[in-house]
Amino acid sequence: MRGGGTGPGSSVLTGGEALVRALAAHGTDLAFGIPGTHNLEIYRHLAPYGIRHLAPRHEQGAGYAADGYARATGRPGVAITTTGPALLNIAAAVGQAYSDSVPLLVVSPGMPLRHPRLATGMLHEMPSQTEAFRHITAFSHRVSSVEEIGAAVARAFTLFRTQRPRPVHIEVPLDLLTAAEPAGAPRMAPPHLPVRPRPEALREAAEALRRARRPALVLGGGAHGAGAEALALAERLGAAVATTANGKGAFPESHPRALGVRLHTPAVQKWLAGSDAVLAVGTELAESDLWSAPPALTGTLIRVDIDPAQMFAVLPADIALVGEARETLRALLGELPRVRDEESSITGTAPAPVDAAALRAEADAGTADGRDGRRLPFLAAIRSVLPPGTVLTSDSAQCCYNGALPHLPVDPPGRYLHPTGFGTLGYALPAAIGAKAGAPERPVVALSGDGGFQFTVQELATAADLALPLPVVVFDNGGYGEIRDEMAARGDAPVAVDHPPLDLGALARAYGGHGARATTPAALADALRTALTVPGPTVITVPEPADHREPAHPTEETDL
């Protein structure tokens, strides 16, 4: 029974209940987090308001899981922490969500309203949680009354619905969490209203594309949901389409015009620089997309982005289309037939389609050599097993950015979730858990390296709690392979990059999951096929021979 006369039908609520009521009113059905001494009043009200809860083993895992949930479902992810160290534990995940424009809401308690500025030694005390998070979120809001809680949550969901999505932090002082005060009626974010560019800018962009003889499309994370329109534009313009890491899955990579995630290759950068019109949709065109400074473009750069500031970032737009990707591309398609028909009636000409297959082959020249080449048959084996609509999550690991991003094709409605920009390690496993929790009907597979996997390996226990099939493919190169290679390139002796052999399958079994090893592509396909059917996580280790050592485990073992 609730104390203080509070309840779902009451206008007098504790701060904890007011917070949960506001989350439920905005459609939150699942939260990730860990209970702590200071946030129990929040946890008390989750079940009565119909919000399920999944408990990762570390707050960083909670943040990545909420991030994966958001990317896989299109709904904001919600994470609950307690004060001080717990909130700082989630900071890396918040930074990643900021970098990748993910709608992530972190709620936490804070020091009491009248807590003195001078330290008192209170449990989990820190000078200012909101100041710490203000620089890695769209905003960090400390409320000052129970009634303000609803407005703060509505403000967060308004941002998620109407602006470039970024993480938000809401802090409720400890004394407000348990104080019963008038909460007022629930405050609601306004409904989603499409943002459209100026008509004159659309006409200018259509004219530039009409005149282009070498058009190019680049799709970033902001293009998800606009894949059909991007496909229609590519076919209308005869343009090849490149995607960033965050844009992977927005455009079918099996399509003959698809270049995939190859913006980092000299061949594709040369193509981009030589295009006379580049339509960049929902992308920063930043170093993390290109792995280098952006090429000097010779043509007209048309940017489509919901964030007006992006029009001046990295490569400034020649034509700025401020609006949502789907609405903007639809409007652009509506504008193009008129100007294209005028052109064809005058000249009868049309741009020659780019030979995307030849460009892909040129971009991939040399990848069949060395360690990258040895991965290709294993990636092909993964691709052969994945059902349509699979969600793949990956880590900041060589097997992912050198391997799966360019060489494991994904077609919609499949998705590929990668920690771009901020480049955190340990993302793949907890993000896969969040994706699977949010979309249990969809196959989800995590890809990682042995180094990054161990940043969040304890989340195998969370995956076991979920009791749903979750394959985790780990390419084991005996440590931090990328940093080892960078040290070697500098002529340095390797330091702290080689790890002793570890039986990851046994570790998975200890957490309540399953383990397998695959030394051949056929063995990987068999293990993955089984792992997609058995409850709980299955860690499939793929040993990668390194020049300086022998494979740690020369035999194949499995408990499946």
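So, how was this worked out
- Within any chain, residue numbers begin from 1 and follow the written order of that chain's sequence.
- For a predicted model such as this one, the threshold for reporting local features is a pLDDT of at least 70, and the threshold for listing and counting side-chain atom pairs is 80 or more; totals across whole chains, interfaces and linings nevertheless cover every residue.
- Hydrogens are left out, water is left out, and the side-chain values use all remaining heavy atoms of the structure.
- Note on conventions: DSSP H or I runs of at least 4 residues are helices, E runs of at least 2 residues are strands, and numbering of each starts at the N terminus.
- We call two residues in contact whenever any of their non-hydrogen atoms come within 4.5 Å of each other.
- Residues scored as positive are Lys and Arg, those scored as negative are Asp and Glu, and His as well as the terminal groups of each chain are ignored.
- For the purpose of locating charges, the reference atoms are NZ of Lys, CZ of Arg, CG of Asp and CD of Glu.
- One side-chain nitrogen of Lys or Arg within 4 Å of one carboxyl oxygen of Asp or Glu is enough to make a salt bridge.
- Confidence of the predictor at the level of single residues is captured by pLDDT, which takes values from 0 to 100.
- Pairing of aromatic side chains here covers Phe, Tyr and the six-membered ring of Trp, requires ring centres within 6.5 Å, and sorts the geometry by plane angle: under 30 degrees stacked, over 60 edge-to-face, intermediate tilted.
- When a residue's accessible area, from a 1.4 Å probe over protein chains only, is under 20% of the maximum for its type it is buried; when over 50% it is exposed; and in between it is partly exposed.
- A strand pair is defined by DSSP finding two or more bridges across the two strands.
- In this text, buried Ala, Val, Leu, Ile, Met, Phe, Trp, Tyr and Cys residues form a nonpolar core when linked through side-chain atoms within 4.5 Å.
- Cysteine sulfur atoms that come within 2.5 Å of each other are treated as a disulfide pair.
- Convention adopted: a line fitted to C-alpha atoms gives each axis, helices being fitted over their contacting stretch, and angles between N-to-C directions are expressed from 0 to 180 degrees.
- For classification, angles of less than 35 degrees are called roughly parallel, those exceeding 145 degrees roughly antiparallel, those between 65 and 115 degrees roughly perpendicular, and all remaining angles oblique.
- Here a crossing is taken to be left-handed if its near helix is turned anticlockwise relative to the far helix by less than a right angle, and right-handed if that turn runs clockwise.
- Residue classes follow a fixed rule: Ala, Val, Leu, Ile, Met, Phe, Trp, Tyr, Cys and Pro count as nonpolar, while Asp, Glu, Lys and Arg count as charged, and any other residue, Gly among them, counts as polar.

## Section: the overall build of the protein
Phase 1: Helices and strands together make up the secondary structure of the protein, namely 22 helices and 20 strands.
Phase 2: By principal-axis analysis of the C-alpha atoms, the protein measures approximately 75 × 65 × 45 Å.
Phase 3: Looking at the protein alone, contacts between residues at least 24 apart form 74% of all its contacts between residues at least 6 apart.
Phase 4: Considering the protein, the positive charge centre built from 47 side chains and the negative charge centre built from 57 side chains are found 5 Å apart.

## Some remarks on the pattern of salt bridges
Phase 1: Summed over all chains, the structure comprises 21 salt bridges.
Phase 2: With a closest N to O distance of 2.2 Å, Arg-210 and Glu-207 form a salt bridge. Residue Arg-210 and its partner Glu-207 are located together in helix H9 (residues 199–211), separated by 3 residues, close to a single helical turn.
Phase 3: With a closest N to O distance of 3.0 Å, Asp-526 and Arg-529 form a salt bridge. Of the two residues, Asp-526 and Arg-529 are both situated in helix H22 (residues 521–531); the distance of 3 residues between them amounts to about one turn of the helix.

## Considerations on the confidence of the model for the protein
Phase 1: The predicted model of the protein averages 91 in pLDDT, with 93% of residues at 70 or higher.
Phase 2: Within the model, pLDDT remains below 50 along residues 344–348, and this stretch shows 1 contact once partners closer than five positions in the same chain are excluded.
Phase 3: Taken as a whole, residues 548–556 scores under 50 in pLDDT and shows 18 contacts with residues more than four places along the chain or in a different chain.

## Remarks on the packing of aromatic side chains
Phase 1: Under the defined criterion, the tally for this structure stands at 4 aromatic pairs.
Phase 2: Judged by centre distance (5.6 Å) and plane angle (75°), the ring pair of Phe-157 and Phe-160 falls under edge-to-face. Of this pair, Phe-157 and Phe-160 both sit in helix H7 (residues 146–162), 3 residues apart, roughly one helical turn.
Phase 3: For Phe-157, a relative accessible area of 3% gives the class buried.
Phase 4: Judged by its relative accessible area of 11%, Phe-160 is buried.
Phase 5: Centroid distance Trp-291 to Tyr-401: 6.2 Å. Interplanar angle 90°. Geometry classified as edge-to-face. Taken together, the residues Trp-291 in the loop between helix H12 (287–290) and strand E13 (300–305) and Tyr-401 in helix H16 (residues 398–407) connect sequence positions 110 residues apart.
Phase 6: Note on Trp-291: relative accessible area 41%, which makes it partly exposed.

## Thoughts on unusual backbone geometry
Phase 1: Going from Pro-412 to Pro-413, the amide bond is cis rather than trans, its omega being 10°.
Phase 2: With respect to the helices and strands, Pro-413 occurs in the loop between H16 and strand E16 (415–417).
Phase 3: Unlike most non-glycine residues, Ser-101 shows phi in positive territory, near 55°.
Phase 4: Within the element layout of this structure, Ser-101 appears in the loop between helix H5 (91–99) and strand E5 (104–110).
Phase 5: A positive phi angle, close to 55°, is found at Val-314, a residue other than glycine.
Phase 6: With respect to the helices and strands, the residue Val-314 is situated in the loop between E13 and strand E14 (319–322).

## A closer look at the pairing of strand E12 (residues 277–281)
Phase 1: Counting buried positions along E12 gives 5 out of 5 residues, so the element sits mostly inside the fold.
Phase 2: Every second residue of E12 is oriented toward a common face, with Ala-277, Leu-279 and Val-281 on one face and Val-278 and Ala-280 on the other, all of them buried.
Phase 3: Here strand E9 (residues 215–219) runs beside E12; their pairing, made up of 5 bridges, is parallel. Its bridge partner lying in E12, Pro-215 is registered against Ala-277.
Phase 4: When E12 meets E13, the two strands line up parallel, connected through 5 bridges. Note that in E13 the partner of Ala-277 across the bridge is Thr-300.

## Concerning the nonpolar core
Phase 1: In this structure, Phe-32, Ile-90, Phe-453 and Val-539 are the most contacted members of the largest nonpolar core, which totals 43 residues.
Phase 2: For Phe-32, the contacting residues outside a window of four places in its chain are His-53, Leu-54, Pro-56, Ala-62, Ala-65, Ala-66, Tyr-69, Val-78, Ala-79, Ile-80, Gly-434 and Ala-437.
Phase 3: If you look at the next biggest cluster of nonpolar residues, it comprises 33 residues, including Ala-31, Ile-51, Leu-159 and Leu-176.

## Side note on the state of the cysteines
Disulfides are covalent bonds that connect the sulfur atoms of two cysteines.
Phase 1: Scanning all chains against the criterion turns up 0 disulfides.
Phase 2: The cysteine Cys-399 is free of any disulfide, with Cys-400 supplying the nearest cysteine sulfur at 3.8 Å.
Phase 3: Judged by relative accessible area, Cys-399 falls into the buried class, the value being 3%.

## Describing the packing of helix H15 (residues 370–385) against H16
Phase 1: One can describe the packing of H15 onto H16 by two numbers: an axis separation of 10 Å at closest approach and a directional angle of 55°. Taken together, the axes of H15 and H16 are oblique relative to one another. Crossing hand, H15 versus H16: right-handed. Here Arg-371, Asp-372, Arg-375, Leu-376 and Leu-379 of H15 come into contact with H16, specifically with Gln-398, Cys-399, Asn-402, Gly-403, Ala-404 and His-407.
Phase 2: For the contact of H15 with H16, the per-class residue count stands at 4 nonpolar, 4 polar and 3 charged.

## Looking at the environment of Asp-307
Phase 1: Within the element layout of this structure, Asp-307 appears in the loop between E13 and E14.
Phase 2: Residues Asp-307 and Pro-165, 142 residues apart in the sequence, show an inter-C-alpha distance of 9.4 Å.

## Comments concerning the sheet that holds strand E17 (residues 444–449)
Phase 1: If you trace the 6 strands from one edge of the open sheet to the other, you get E16-E15-E17-E18-E20-E19, paired in parallel fashion. Edge strands, defined here as strands with exactly one partner in the open sheet, are E16 and strand E19 (514–517). With direction set aside, neighbouring strand axes in the sheet form an average angle of 20°.
Phase 2: By the bridge criterion, 4 bridges tie strand E15 (residues 391–394) to E17 in an arrangement that is parallel. Looking at the pairing, Leu-392 lines up with Val-445 of E17.
Phase 3: On top of the sheet, H15 reaches E17, strand E18 (470–476) and strand E20 (537–543); it is set at about 175° to E18, its chief contact.
Phase 4: Seen against the sheet, helix H17 (residues 428–438) touches E15, E17 and E18 and runs at an angle of roughly 175° to E17.

## Comments concerning H17
Phase 1: Judged by how many residues are buried, H17 sits mostly within the fold: 11 of 11 residues are covered.
Phase 2: What H17 keeps buried is the set Ala-428, Leu-429, Pro-430, Ala-431, Ala-432, Ile-433, Gly-434, Ala-435, Lys-436, Ala-437 and Gly-438.

## Regarding the sheet that holds E5
Phase 1: Here 6 strands make up an open sheet; going across it, the order is E3-E2-E4-E5-E7-E6 and the pairing parallel. Edge positions in the sheet fall to strand E3 (52–54) and strand E6 (139–142), since each has one partner strand and no second. When strand polarity is set aside, the average angle formed by the axes of neighbouring strands in this sheet is 25°.
Phase 2: In terms of strand pairing, strand E2 (residues 30–33) meets E3 through 3 bridges, oriented parallel. Its bridge partner being in E3, Phe-32 is matched across the sheet by Leu-54.

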